Amino acid sequence: QVQLVESGGGLVQAGDSLRLSCAASGRTLSAVAMAWFRQAPGKEREFVATISSNGDSTFYADSVKDRFTISRINTKNTVYLQMNSLKPEDTAVYYCAARLWSPAIATTSRHYEYWGQGTQVTVSS
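Fair warning: this is a prediction, and the values are worked out from it, not measured in the lab.

S.K.: I'd like to hear about the state of the cysteines, residue by residue, with values.
M.R.: What the rule picks out here adds up to 1 disulfide. A sulfur-sulfur distance of 2.0 Å marks the disulfide that ties Cys-22 to Cys-96. Between Cys-22 and Cys-96 the disulfide shows an S-S torsion of about -75°. By sign, it is left-handed. Linking Cys-22 in strand S3 (residues 18-25) with Cys-96 in strand S9 (residues 92-99), this pair joins segments that are 74 residues apart in sequence. As far as the burial class goes, Cys-22 and Cys-96 line up, both buried.

Here's what the structure looks like:
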């Protein structure tokens, strides 16, 4: 069993930065791909960013490209999402996800078996 715990969310103003963290326990994540998704009120969960097991491959949603950066430190069993130049439309609950059976990146939620409880990010204008 894998437990994922997100942290780092909060209320910020447009243009500010936040760094989300996702700490894993229960097993090492060094061999699995990880991702961040988000869900805004009244909307479906959407893909944000993904990173391969060794960190060599990343992919971003067009809406966050050049503003967000996903990274990982496998020795700490932690994945990060650095969010810069935040916009009000980035307001959502952000979820960390683990793809246990593959080291490769994926952009659809059905490829990820384990999810965190989410952390709220609110960006005011």
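That covers the picture; the talk isn't over yet.
S.K.: So what's going on with the environment of Met-83? Which residues, and what values?
M.R.: Turning to its location among the elements, Met-83 is positioned in strand S8 (residues 78-83). On the accessibility criterion, Met-83 (0% relative accessible area) is buried. Remark: the alpha-carbon pair of Met-83 and Ser-17, spanning 66 residues in sequence, is separated by 5.4 Å. Not counting residues up to four positions away in its chain, the partners in contact with Met-83 are Asp-16, Ser-17, Leu-18, Leu-20, Arg-67, Phe-68, Tyr-94 and Val-121.

Criteria and cut-off values
- Here the residue numbering is sequential within each chain, running from 1 through the sequence in written order.
- For a predicted model such as this one, the threshold for reporting local features is a pLDDT of at least 70, and the threshold for listing and counting side-chain atom pairs is 80 or more; totals across whole chains, interfaces and linings nevertheless cover every residue.
- Where side-chain values are given, they derive from all heavy atoms of the structure, hydrogens and water being excluded.
- Disulfides are defined as pairs of cysteine sulfur atoms found within 2.5 Å of each other.
- Numbering goes from the N terminus for both helices and strands, where a helix is a DSSP run of H or I of at least four residues and a strand is a run of E of at least two.
- Burial classes follow relative accessibility: with a 1.4 Å probe on protein chains only, a residue under 20% of its type's maximum area counts as buried, one over 50% as exposed, and anything between as partly exposed.
- Contacts between residues were defined by any pair of non-hydrogen atoms, one from each residue, lying within 4.5 Å.

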